[in-house]
Amino acid sequence: MSKTSIGIPENIANFLAYLFGWISGLISLLVEKSNGDVRFHAAQSFVFFGICSLLGVILPIIPLLGPLVMWVVGLVALVVWVIQIVMSLLGTPLKLPFISSLANLLLLKIKLS
């Protein structure tokens, strides 16, 4: 397990990126400068939980179907969060389908800026 630019093991940095959802993902993305895996998982956390948060704001506006979909989104977010926390601590966090592509695009945009 390699160290990060902030001096902690990679699995702990990935854990911290997922710990508080998009907020900790954003902080990890801004703080970590050299470790590509940690930056990827920070971006993935920011994108996934950011989308979930946006849906949590938008869905209640939709009558009838909104609350049901919001309940499903909340359940999915909780399951993904628990899995990513555990897998990060074990040293093998998952790449989420579709979200990982968006995270890579985010990293590419940040790199080009």
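Presented here is a report on the structure given in the accompanying data block. (Residues numbered from 1 in each chain as written. Predicted model: local features only at pLDDT ≥ 70, side-chain atom pairs only at ≥ 80, totals over all residues. Heavy atoms only, no water.)

Thoughts on the side chain of N14
Then comes step 1: Inspection of the secondary structure puts N14 in helix 1 (residues 10-19).
Then comes step 2: Apart from residues no more than four positions distant in its own chain, N14 is found in contact with D37, V38, H41, S88 and P93. (Helix = DSSP H or I, 4+ residues; strand = E, 2+ residues; numbered from the N terminus. Contact = heavy atoms within 4.5 Å.)

As for helix 5 (residues 99-112)
Then comes step 1: The first and last C-alpha atoms of helix 5 sit 20 Å apart over 14 residues, in line with the 20 Å expected at 1.5 Å per residue.
Then comes step 2: Of the residues making up helix 5, those classed as buried are I99, S100, A103 and L107. Viewed along the axis of helix 5, the buried residues span an arc of 95°, placing them on a single side of the element. Pointing more than 90 degrees away from the buried face of helix 5 are the exposed residues L105, K109 and L112.
Then comes step 3: Looking at the buried positions of helix 5, the neighbouring elements they touch are helix 2 (22-31) and helix 3 (36-58). (Expected span 1.5 Å × (residues − 1). Buried < 20%, exposed > 50% of the residue type's maximum accessible area, 1.4 Å probe, protein only. Arc of directions from axis to C-beta.)

Examining the packing of helix 1 against helix 2
Then comes step 1: One can describe the packing of helix 1 onto helix 2 by two numbers: an axis separation of 5 Å at closest approach and a directional angle of 135°. Relative to helix 2, the element helix 1 lies oblique. Contacts between helix 1 and helix 2 involve A13, L16, A17, Y18 and L19 from the first element and S24, G25 and S28 from the second.
Then comes step 2: The class makeup of the residues in the contact of helix 1 with helix 2 is five nonpolar, three polar and no charged. (Axes fitted to C-alpha atoms, helices over the stretch in contact; angles between N-to-C directions. Parallel < 35°, antiparallel > 145°, perpendicular 65-115°, else oblique. Nonpolar A, V, L, I, M, F, W, Y, C, P; charged D, E, K, R; others polar.)

Comments concerning the nonpolar core
Then comes step 1: Of all hydrophobic cores here, the largest spans 13 residues; its most connected members are F48, C52, L96 and I99.
Then comes step 2: Contributing elements (two or more residues each) for this core: helix 1, helix 3 and helix 4 (65-90).
Then comes step 3: Listed in part, the seven residues of the second largest apolar core include A17, F40, A42 and A103. (Core = buried A, V, L, I, M, F, W, Y, C linked by side-chain atoms within 4.5 Å.)

A closer look at unusual backbone geometry
Then comes step 1: One non-glycine residue, L64, adopts positive backbone phi at about 65°.
Then comes step 2: Within the secondary structure, L64 is located in the loop between helix 3 and helix 4.
Then comes step 3: One non-glycine residue, F98, lies in the positive phi region at around 65°.
Then comes step 4: Position of F98 among the secondary structure elements: in the loop between helix 4 and helix 5.
Then comes step 5: The class for F98 is exposed, based on a relative accessible area of 59%.

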